[in-house]
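Spelled out, the chains give:
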Amino acid sequence: MANQGTGSPSTISVLLNNGDATFAPDQEYGVGVGPEAVSLGDLDGDGDLDVAVANDADNIVSVLLNNGDGTLAPQQTYAVDERARDVAIADLDGDGDLDIAVAGASTLSILLNNGDGTFPPRHTLDAPGDEIALADVDGDNDMDIITGRSGYTVLRNNGDATFAPADTYGSGSAEDLQLADLDGNGLPDIAGVSGTNLQIRLNCGPFGATIAAQPAAVVLLPAGGGVAELTVRPGGTAPYSYQWRR
């Protein structure tokens, strides 16, 4: 857990389970200034859980690799674009290792794993967020990003840690962002707090158009060639967009 405060050095605490729901005394580890959030994942691929920490006061994320016995190696620090409010871990580029996404007040920083728990310089996206969560919101088997600040921002992953233009839902404060399938359609929905209200945003999915009925095969052109004209007749509510693929 993060021991919040703006003093230096700042720390996180680890309390190891004795195996009976009691815990050993906390062990503290130095991190950046003003730790706000902690996320766990196997960043170096050795089978144990490592720690990433978002540090709000000095614009860095701290990575503390697990020694394999519940103790942590000294932090390695990586710059983010602005004050780090929240952090999440998932495989964003589909290469089998875990990457880091860090939310800031107006930007999002992506750190792609080299495969050994080290990270090259960040990529930055224009997406505000005090909260961040990662999930496959569009059902295409890659991890998308959802942030909460003024409303909820959804960035759909192209599969390689590049992202489609953001979709924003609502405009009020968005706190304590959680994702779960609330309506049983197989897609994660959004739950969060706005002031004194609980906000629920159901995932209507799928994103984009789908073929409701596959037509039978039709020969459009004779063997000698020619010109064929195809027409799209969409349903639903405008505005519409589409892509031709062959």
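None of the values given here were measured: they were computed from a predicted structure.

(A) Main features of the overall build of the protein. Looking only at helices and strands, the protein has 0 helices and 17 strands in total. Looking at the 246 residues of the protein, the share that counts as buried comes to 37%. Taking all contacts inside the protein whose residues are at least 6 apart in sequence as the whole, residues at least 24 apart take part in 36%. Approximately 13800 Å² of the protein is accessible, and the part contributed by carbon and sulfur atoms is 51%.

(B) Quick peek at the pattern of salt bridges. In total, this model carries 6 salt bridges according to the counting rule given. Put simply, Asp 56 and Arg 85 hold a salt bridge, and the shortest N to O gap is 3.0 Å. Of this pair, Asp 56 sits in the loop between strand E5 (50-55) and strand E6 (60-64) while Arg 85 sits in the loop between strand E7 (76-79) and strand E8 (86-90), and the two are 29 residues apart along the sequence. On the basis of relative accessible area, Asp 56 is assigned to the buried category, the value being 9%. On the basis of relative accessibility, which here comes to 22%, the residue Arg 85 falls in the partly exposed class.

(C) Representation of unusual backbone geometry within the structure. With a phi angle near 70 degrees, Ala 21 is a residue other than glycine that sits in the positive phi range. Tracing the backbone shows Ala 21 in the loop between strand E2 (10-14) and strand E3 (27-31). Of note, Asn 59 is a non-glycine position whose phi angle comes to about 60 degrees, a positive value. Residue position: Asn 59 is located in the loop between E5 and E6. The exposure class of Asn 59 is partly exposed, given its relative accessible area of 30%.

(D) Broad picture of the sheet that holds E3. As summarised here, the arrangement of the 3 strands in space is E1-E2-E3, forming an open sheet in which the pairing is antiparallel. The sheet is open, and its two edges are formed by strand E1 (2-3) and E3, each paired on a single side. Note: E2 against E3, 5 bridges, orientation antiparallel. Bridge assignment links Ile 12 to a residue of E3, and that residue is Tyr 29.

(E) Structural context of the sheet that holds E8. Spatial ordering of the open sheet is given by E8-E9-E10-E11, a layout of 4 strands whose pairing is antiparallel. The open sheet is flanked by E8 and strand E11 (123-125), the only strands paired with a single partner. Here the strands of the sheet are splayed against their neighbours by 20 degrees on average, with no regard to which way each runs. As paired strands, strand E10 (residues 108-111) and E11 are joined by 3 bridges and run antiparallel to one another. Counted as the bridge partner of Ile 110 is His 123 from E11.

(F) A look at the environment of Asn 66. Of note, Asn 66 is situated in the loop between E6 and E7. Excluding anything up to four places from it in sequence, Asn 66 contacts Asp 46, Asp 48, Leu 49, Asp 50, Thr 71 and Leu 72. In terms of polar contacts, Asn 66 uses its side chain to reach the backbone amide nitrogen of Gly 68, at 2.7 Å.

(G) Spatial organisation of the packing of aromatic side chains. By the definition in use, this model includes 1 aromatic pair. Ring plane angle 80 degrees and centroid distance 5.4 Å describe the contact between Tyr 78 and Phe 119, whose orientation is recorded as edge-to-face. You can see Tyr 78 sitting in strand E7 and its partner Phe 119 sitting in the loop between E10 and E11, a full 41 residues away along the chain. By relative accessible area, which is 13% here, Tyr 78 ends up buried.

(H) Spatial organisation of the side chain of Ser 62. With respect to the element layout, Ser 62 can be found in strand E6. Side chain to side chain, Ser 62 and Asn 55 meet in a polar contact 2.9 Å long. Excluding residues that lie within four positions of it along the chain, Ser 62 makes contacts with Val 31, Gly 32, Val 51, Ala 52, Val 53, Asn 55, Gln 75, Gln 76 and Thr 77.

(I) Geometry of the side chain of Thr 107. Mapping Thr 107 onto the fold places it in the loop between strand E9 (99-103) and E10. In this structure Thr 107 comes out as buried when scored by relative accessible area, which is 8%. Excluding residues that lie within four positions of it along the chain, Thr 107 makes contacts with Asp 81, Glu 82, Val 102, Thr 124, Leu 125, Asp 126, Ala 127 and Pro 128.

Criteria and thresholds
Residues numbered from 1 in each chain as written. Predicted model: local features only at pLDDT ≥ 70, side-chain atom pairs only at ≥ 80, totals over all residues. Heavy atoms only, no water. Helix = DSSP H or I, 4+ residues; strand = E, 2+ residues; numbered from the N terminus. Buried < 20%, exposed > 50% of the residue type's maximum accessible area, 1.4 Å probe, protein only. Contact = heavy atoms within 4.5 Å. Areas by Shrake-Rupley, 256 points an atom, 1.4 Å probe, with all protein chains shown as cover. Salt bridge = Lys/Arg side-chain N within 4 Å of Asp/Glu carboxyl O. Pairing = 2+ DSSP bridges. Axes fitted to C-alpha atoms, helices over the stretch in contact; angles between N-to-C directions. Polar contact = N/O pair within 3.5 Å; in protein donor to acceptor, adjacent residues only side chain to side chain. Phe/Tyr/Trp six-rings, centres within 6.5 Å; stacked < 30°, edge-to-face > 60°.

Keep in mind these values describe shape, not function.
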